[in-house]
Protein chains: 2
Amino acid sequence: MKTKASLIALVSVCMVRLCVAQSKEPANDWKPSTANIVGQEFPRISSERRAQFRIKAPEAKDVSVNIGKPLTVTKSDDGVWTITTSPLDVGFHFYRVLIDGANVADPASEIFCGGGGGGLSSGIEVPTGEDFYELKDVPHGEVRERRYFSKTTQSWRRIFVYTPPSYEQKTSARFPVLYLQHGGGEDERGWPVQGRVCEIMDNLIAEKKAQPMIIVMERGYAQKPGEQPVPMRPPQQRTNAAPSGPPRDFSRMFSTFGDVVINDLIPMIDKTYRTKADREHRAMAGLSMGGMQTRNIAMAHLDTFSHIGIFSGGSISTNDISGAGAFKKKIKLVFVSYGSRELEGGRGGFGGDPKANIEALKAAGINSYFYVSPGTAHEWHTWRRSLHEFAPLLFKN
Amino acid sequence: MKTKASLIALVSVCMVRLCVAQSKEPANDWKPSTANIVGQEFPRISSERRAQFRIKAPEAKDVSVNIGKPLTVTKSDDGVWTITTSPLDVGFHFYRVLIDGANVADPASEIFCGGGGGGLSSGIEVPTGEDFYELKDVPHGEVRERRYFSKTTQSWRRIFVYTPPSYEQKTSARFPVLYLQHGGGEDERGWPVQGRVCEIMDNLIAEKKAQPMIIVMERGYAQKPGEQPVPMRPPQQRTNAAPSGPPRDFSRMFSTFGDVVINDLIPMIDKTYRTKADREHRAMAGLSMGGMQTRNIAMAHLDTFSHIGIFSGGSISTNDISGAGAFKKKIKLVFVSYGSRELEGGRGGFGGDPKANIEALKAAGINSYFYVSPGTAHEWHTWRRSLHEFAPLLFKN
C-alpha cells in the first residue's frame, strides 16, 4: 500500500511537473536590460517579463535580489549566483542585491536615486511595448544642472531644469514653467534619470501634443537653520552606518519646502530663464510625497499656480475647496493619477477615493482629469505615463 | 633563560607599542567624507587622512575595501565591519567593497563612473586644504546634458556641456570652446561629477583668472557600424557576468573617435551654441586615455585646434613636430601635467621625459607649460588641479 501510494504520488508529481513544463516552459529569449552598464549581458529579461541576474560572490553563503517578487536562486561551481524572478510588471523597477546580509547595488546596473528605503539602488527596465519615453529622432532639449542659494535654508541647492528644443533657437521667446517633484527617498535626479523627462517632453513637443515648456526639478527636502534635517529615508533601513538622527518627520516637507519654492526657487527661475512669469503659465506636479507637496503648496498659493498634477499622492476633494469660489476661478487644471495595482482591492489614495473625488470636482465645474496606468504599481512607469498624459493638458490657452 | 627571553621580548613589544602609541596615536577627529550620501557618517576621514569605512554584512566571512592602501579590519557583534586605512593622498579616490568575494559599491557613498577596472565605483574625498574646486558664492554656470546623432557611429551620443555664468545673460555674445576628455574606464560623467568642472570654472571666471568659455565633454569610445565595440574596460576585471567580447583594443580610440569629434561633434556644437567657431578659439584636452586622444586628434587637425592640454597622458616632443613649422605657427599652447606620485622613481610619461620634452618645445619657441601636482597620483585631484592651471592659459589673445 505504502509503495503504491508513493508510486501514485511520484506519478502525480511527474504529471504536475510535466503540466508545468508544457504550459509554462520559461521562455529562453533573454535580452539585456537597457538600464545595464554598457556591455553588461545581465540582468536580462525574457518575453515573459522574467528577470535574470548574475552575481559573482564566490565565498558567499547566501545571495538574493530584493525586487518584491519570488525568486529562484542557483549557484554554479565558479561562484556565480544566478537569480531568476517570476514575471514582473512592465516598466522600471528598483532593486538591490543581498550578499550574506549586506544590502548593496548590483555592479552590472546603472545607479538610480530611490528604491526601498531610499538612497541609491540598481534598476531594471522591463519592456513595455510603448515608445513615448524612448530617445527618438526628434529635436532634443537639454537637462541643465544648476546651483542656487536659498535664503530660506541658507544653503546652496541643486536643481535640474529641462529646456525645450526651441529654447536655444528662439532667443527672445518666453516659456511656461512646470515645477515637478520626485517622491520620498528620492531626490532631484529622479525625473531627469528614471523619469525620462527629456525624452517624454521632446517626443510630445515634436508631435505637437504639448506646448514647449521649462520643467524645474528641485530637491523636496528643506530645513531652516537650526531645524533638524528632514530625513529623506529612515536611516536604519538601508544604511551601513549605525542608525542616527531623529525619527522621520514629514511635517516640514510642506512648510519649509514650500517657503523654498515660493520665496527662493520661483523668483530665481523667473530671473534666470525666459519664463512667462505669471500664475497662468505656472504649474506644479509631483509623485507620491511630491504629490502631497504639490497639493499643499499649490492649494495654499493659488496666486502662484494655475495647474496642479498629483501622481500616486492623494487627490483633491470638494471639501478641500468648499467655499472657495476662488479655486474654481483660478485653477485651470486638476490632474490625479494612480497605477492600477495601487487601486486593486479597493486600495487607493488617502483623502477619499480619487476617482470619486475627481468626478465631484468635474461636477463642480473644475477642469479635472483622472488617469489610471494599466498594470503598474507605485513605480516610475506609472509616473512616466502620468507625465505623458498630464503635459498635453498644460497651458492650452 | 627562556622565561627571561620571553620577558625581554614582552617588554620590547610593550615598548614598541608604547612608542607607536606616543608617536602615532591615531587621530580621533573624524569627519564624514563629502562624497557620502546626505546624512551618512561613514566613510569618514581623520586629520591624518586615514579613512574609516563601515559595512553592515552580518553573515559575511570576509569584508574588505579596495582603495590601494593597507587596512585594519574589525567586526563587531552586530555584524558591522569597521575598516580603517593608513593615511591616504589628498583628493578624490575611487574605492570598492569586497564582501565574500563580491566586488560592489559602498551603499553609503555617492556613485562615480570610473575606478579600478572601470564601471561604477564609490568615492571618497580626502580634504586638501584647497578651495579652488569647492562651490562658492560666485555666479554659477550650468552643466547641460544633451543628445546628438553621430553620422560616424550611426547612433545617439550623450554629451555634457558647461556654459559659463554670462552665457544666459549676454545672449548675443560668442564664446571659445574647450573639448575636454575623461580617461579609460570612465565616461562623459567624469569631468562634470568628480572633475568638478563647473565649480573650478565658475571660481576662475569669478576671479577673472580665466576667460568665460564653453566646455564640451564627450564619451571617448566610438565604433562605426560593423566595427567591434571598443570596450571601455577589460570586462573580466569587474563584471559579474561571464567574460565576453574581444580583448581590449585602443586602436580605434583615436581614429573613429577622432572622426566623431571632427565630423560630428564640432559642427553640431558650433551650430547649437554661440561659439567662436574658429581654430584660434578651440582647444582640446584630456586625462590619461583622453590625453592620448587629444595628442592624436589635435596634432592631426591643426586647422581645427590651437590649444592642447595633456594631463597624465604622455607629452609632445620636438620629434613629433619635426619639420613642422606649421606647428609652431599654429599652436598657441601646449600644456602637459602629471601627479608627482606618477613621476616618482623615474616613472613618467611614455614618449620620453615629459619635463624634458616641454623644455625642448619651449626652446623651439612654442608656448609650453609643464605642471606637477604635488603629492597626488594618477587620480582626479591631479586632473582638477591640471584644469585649474590650464584654463587660465587658454584663449588669452
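Below or above, wherever it landed, is the structure these notes cover. (Residues numbered from 1 in each chain as written. Chains lettered and ligands numbered in written order. Predicted model: local features only at pLDDT ≥ 70, side-chain atom pairs only at ≥ 80, totals over all residues. Heavy atoms only, no water.)

## Looking at the overall build of chain A
- Regarding its fold elements, chain A presents 10 helices and 18 strands.
- Partitioning the contacts of chain A with sequence separation of at least 6, the portion at a separation of at least 24 is 70%.
- When the accessible surface of chain A is summed, it comes to about 16,500 Å², and 53% of that surface belongs to carbon and sulfur atoms. (Helix = DSSP H or I, 4+ residues; strand = E, 2+ residues; numbered from the N terminus. Contact = heavy atoms within 4.5 Å. Areas by Shrake-Rupley, 256 points an atom, 1.4 Å probe, with all protein chains shown as cover.)

## Some thoughts on the interface of chain B and chain A
- Residue-level contacts link 53 residues of chain B with 53 residues of chain A.
- Across the contact surface, chain B and chain A share eight salt bridges.
- Between Glu110 of chain B and Arg189 of chain A there is a salt bridge; the shortest N-O distance is 2.8 Å.
- At the junction of chain B and chain A, the tally comes to 17 residue pairs in polar contact (both at pLDDT 80 or more).
- Every element with two or more residues in the side of chain B that touches chain A is listed here: β3 (51–56), β7 (91–99), β8 (102–104), β11 (142–150) and α2 (166–169) of chain B.
- Examining the composition of the side of chain B that touches chain A, we find that six residues originate from one element, β11 of chain B, more than from any other.
- Tallied by class, residues from the side of chain B that touches chain A come to 23 nonpolar, nine polar and 21 charged.
- Bridge count for strand β11 (residues 142–150) of chain A against β11 of chain B is three bridges, and the pairing is antiparallel. If you follow Glu145 of chain A over to β11 of chain B, its bridge partner there is Val143 of chain B. (Salt bridge = Lys/Arg side-chain N within 4 Å of Asp/Glu carboxyl O. Polar contact = N/O pair within 3.5 Å; in protein donor to acceptor, adjacent residues only side chain to side chain. Nonpolar A, V, L, I, M, F, W, Y, C, P; charged D, E, K, R; others polar. Pairing = 2+ DSSP bridges.)

## Section: the side chain of Ser288 of chain B
All names here are of chain B.
- Tracing the chain through its elements places Ser288 in the loop between β15 (282–287) and α6 (289–299).
- Here Ser288 falls in the buried class, since its relative accessible area comes to 13%.
- A polar side-chain atom of Ser288 sits 2.9 Å from a polar atom in the side chain of His378.
- In this structure Ser288 touches Gly183, Phe311, Ser312, Gly313 and His378, once residues within four positions along its chain are discounted. (Buried < 20%, exposed > 50% of the residue type's maximum accessible area, 1.4 Å probe, protein only.)

## Thoughts on unusual backbone geometry
Residues and elements named next belong to chain A.
- Cis geometry is found at the peptide bond from Phe42 to Pro43, where omega equals -10 degrees.
- The topology assignment puts Pro43 in the loop between β1 (31–32) and β2 (44–45).
- Positive phi values are uncommon outside glycine, yet Arg49 reaches one of about 70 degrees.
- On the secondary structure map, Arg49 appears in the loop between β2 and β3 (51–56).
- Although it is not a glycine, Phe395 adopts a positive phi angle of roughly 55 degrees.
- On the secondary structure map, Phe395 appears in the segment after α10 (380–390).

## Side note on the sheet that holds β1 of chain A
All names here are of chain A.
- In space, the five strands of this open sheet follow the order β1-β2-β3-β6-β5, with antiparallel pairing throughout. Only two strands of the sheet have a single partner each, and these edge strands are β1 and β5 (71–75).
- Pairing of β1 with β2, which is carried by two bridges, proceeds in the antiparallel orientation. Residue Lys31 lies in a different strand from β2, and its bridge partner there is Ile45.

## Some words on the side chain of Gln181 of chain A
Residue and element names in this part refer to chain A.
- Tracing the chain through its elements places Gln181 in strand β13 (residues 177–181).
- Residue classification places Gln181 among the buried residues on the basis of a relative accessible area of 2%.
- Ignoring any residue separated from it by four or fewer positions in sequence, one finds Gln181 in contact with Trp191, Met217, Glu218, Arg219, Gly220, Phe257, Met284, Ala285, Gly286, Leu287, Gly290 and Gln293.

## Brief notes about the packing of aromatic side chains
- Overall, the coordinates contain 28 aromatic pairs over all chains when judged by the stated rule.
- Ring geometry for Phe92 of chain A and Phe112 of chain A: centres 4.9 Å apart, planes at 75 degrees, overall edge-to-face. Of this pair, Phe92 of chain A sits in strand β7 (residues 91–99) while Phe112 of chain A sits in strand β9 (residues 111–113); the two residues are 20 residues apart in sequence, bridging distant segments of the chain. Phe112 of chain A shares its class with Phe92 of chain A; the two are buried.
- Aromatic pair Phe132 of chain A and Tyr133 of chain A: ring centres 5.1 Å apart, planes at 65 degrees, arrangement edge-to-face.
- A relative accessible area of 10% places Phe132 of chain A in the buried class.
- Taken together, the ring pairs connect Trp191, Phe311, Phe335, Trp380, Trp383 and Phe390 of chain A into an aromatic cluster.
- Arg274 of chain B extends its terminal NZ or CZ atom over the ring of Tyr167 of chain B, reaching a point 3.9 Å from the ring centre. (Phe/Tyr/Trp six-rings, centres within 6.5 Å; stacked < 30°, edge-to-face > 60°. Lys NZ or Arg CZ within 6 Å of the ring centre and 35° of its normal.)

## Focus on the pairing of β7 of chain A
Residues and elements named next belong to chain A.
- In terms of residue burial, β7 counts as a mostly covered element, since eight of its nine residues are buried.
- In the sheet, strand β4 (residues 63–66) pairs with β7 via four bridges, with the strands oriented antiparallel. Paired with Ser64 across the strands is Leu98, a residue of β7.
- Strand direction decides the pairing type here: β7 and strand β8 (residues 102–104), joined by three bridges, are antiparallel. Looking at β8, one finds that Ile99 is bridged to Ala102.

These figures capture arrangement, not role.
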